[in-house]
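Summary of the model geometry
Letter by letter, the chains look like this.
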Amino acid sequence: MILTITPNPAVDETYGLEVLDVGGTNRVDAPLRRAGGKGLNVARVAHAQGVPVIALAPVGGPNGEAFTRELEAAGVEHSLIQVAAETRRSFALVEHATGRTTVVNERGGALDPAEWDAIRAQIVKLLDQGVTVLAASGSLPEGADEDFYPWCVREAERRGIPSIIDTSGPALLAAARAGATVLKPNHHELQEITGTDSLEAGAAFLLEAGAKHVYASAGEDGLLHFAAETPGQWASARLPEPLVGNPTGAGDSVVAAIAVGLHLREDHDSVILPRAAAWSASAVLMPTAGELHPSHPDLAQALILTSSTAR
């Protein structure tokens, strides 16, 4: 069973409109609302593919109640920790005419030490009940202990469970130093935390820090995989032409594909990488994050796969 951890979940609201009139008045239909946050999107994708998964997240206030109701209706197994802070909201404005998506994320409220203790205790409990992969995703709420993601990595490693961390900034580097099995930054996050000018150099930085694998999203250039066991080498998967749509769930679909692959103990370059690239591309075609377009098998067949030595 895959365990997804979302320390800073949100109620996602997705609005569709032709073109956003910045500074003007925009009239839209009622939004699509669902329980969200990066780890929840990962859980939805894995669940839809028939892979056992449980989603853990803290929730609070009226937004937390709406979050819980929607997740129950979706049928995704979950373990929610009640906290005092109101669950935040995230707004996506998808322009049909241009393919652009504008995202506005509320900041998550701080959790108190007792609430963090409850989250950690539940993670330990679940890790001891048959979890095969730990996938922790997203930002941390205000005032969070920066050791949270490294702690997740260490607890998983103690039990021989692979870990995937999808975050940014200092938390990304801390997860690398803790020895995360997989890190999944995009090219902007990689450049920001490593200060390097290339994906190859940035991935090498994280691998040297202690990560075992880095999957780097590179926009139109697709998805690249780097491994500590083969320094200076990389493999990539991309479509001949980029797709236009809503990219907000693309990275989460990559994490879902990696988690499923680790759950099934599949090979990274020959199986996990192309599946992750295809799932990511298909997610762009869906109106909301956490879903795959039915065309993902066809997209997998269209991928251009490359392997090379980093320059």
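For the structure itself, look to the data block above.
Residues numbered from 1 in each chain as written. Predicted model: local features only at pLDDT ≥ 70, side-chain atom pairs only at ≥ 80, totals over all residues. Heavy atoms only, no water.

Examining the overall build of the chain
- Helix and strand counts for the chain stand at 10 helices and 14 strands.
- A compact globule built from 311 residues should have a C-alpha radius of gyration of about 19 Å, and the chain, at 18 Å, falls within 12% of that.
- Dimensions along the principal axes, computed over C-alpha positions, put the chain at roughly 50 × 45 × 40 Å.
- When burial is assessed residue by residue, the chain has 56% of its 311 residues classed as buried. (Helix = DSSP H or I, 4+ residues; strand = E, 2+ residues; numbered from the N terminus. Rg over C-alpha atoms; globule rule 2.2 N^0.38 Å. Buried < 20%, exposed > 50% of the residue type's maximum accessible area, 1.4 Å probe, protein only.)

Structural notes on the sheet that holds strand 2 (residues 10-17)
- What the four strands build is an open sheet, ordered 3-2-6-7; its pairing is mixed. Every interior strand has two partners, whereas the edge strands, strand 3 (32-36) and strand 7 (101-105), have only one. This sheet shows a mean twist of 20° between the axes of neighbouring strands, independent of strand direction.
- Relative to strand 6 (residues 88-95), strand 2 runs parallel, the two sharing eight bridges. Note that in strand 6 the partner of V11 across the bridge is R89.
- Contacting strand 2 and strand 3, helix 1 (residues 38-48) runs over the sheet at an angle of about 95° to strand 3.
- Most of the contacts of helix 2 (residues 61-74) go to strand 3, to which it runs at about 90°, and overall it touches strand 2, strand 3 and strand 6. (Pairing = 2+ DSSP bridges. Axes fitted to C-alpha atoms, helices over the stretch in contact; angles between N-to-C directions. Contact = heavy atoms within 4.5 Å.)

Description of the pairing of strand 12 (residues 223-227)
- Strand 12 sits mainly inside the fold: five of its five residues count as buried.
- Covered by surrounding structure in strand 12 are L223, H225 and A227 together with L224 and F226, the residues of both alternating faces.
- Taking the residues between adjacent antiparallel strands as the criterion, strand 11 (residues 213-217) and strand 12 are bridged by five residues, where G219 takes a positive phi near 60°.
- Note: strand 12 against strand 13 (residues 233-238), three bridges, orientation antiparallel. Looking at the pairing, L224 lines up with S236 of strand 13.
- If you look at the hairpin formed by strand 12 and strand 13, you'll find five residues sitting between the two strands, and G232 has a positive phi there, around 80°.

Quick notes on the packing of aromatic side chains
- Scanning all chains against the criterion turns up three aromatic pairs.
- Residues F148 and W151 carry aromatic rings whose centres are separated by 6.3 Å and whose planes lie at 20° to one another, so their mutual orientation is stacked. Here F148 pairs with W151, and both are found in helix 4 (residues 148-158), just three residues apart, close to one helical turn.
- On the accessibility criterion, F148 (1% relative accessible area) is buried.
- Each residue in the set W116, F148, Y149 and W151 is aromatic and connected to the rest through ring pairs, giving one cluster.
- Geometry around W151 places R120 over its ring, the cationic atom sitting 4.9 Å from the centre. (Phe/Tyr/Trp six-rings, centres within 6.5 Å; stacked < 30°, edge-to-face > 60°. Lys NZ or Arg CZ within 6 Å of the ring centre and 35° of its normal.)

A short note on the side chain of D252
- Residue placement: D252 occurs in helix 8 (residues 250-264).
- Owing to a relative accessible area of 2%, D252 belongs among the buried residues under this scheme.
- What D252 contacts, discounting residues up to four positions off in sequence, is K38, N41, V42 and D166.

Describing the environment of G75
- Within the secondary structure, G75 is located in the loop between helix 2 and strand 5 (78-82).
- The partly exposed category is assigned to G75, whose relative accessible area is 43%.
- Between the C-alpha atom of G75 and that of R159, which follows or precedes it by 84 residues, the distance is 28 Å.

So, the pairing of strand 5
- Of the strand pairs in this sheet, strand 4 (residues 53-59) and strand 5 are connected by five bridges, and their pairing is parallel. Bridge assignment links L56 to a residue of strand 5, and that residue is S79.
- With helix 2 bridging strand 4 and the parallel strand 5, this β-α-β connection has right-handed handedness. (Right-handed = clockwise from strand over helix to strand, strands pointing away.)

Things to note about helix 4
- By the criterion of burial, helix 4 is predominantly enclosed, with eight of the 11 residues buried.
- For helix 4, every residue scored as buried is listed here: F148, Y149, P150, W151, C152, V153, E155 and A156.
- The inward-facing, buried residues of helix 4 abut strand 1 (2-5), helix 3 (113-127), strand 8 (133-137), strand 9 (163-166) and helix 5 (170-177).
- G160, located one to two residues past helix 4, shows a positive phi value of around 70°.

Shape descriptors only; they carry no functional weight alone.
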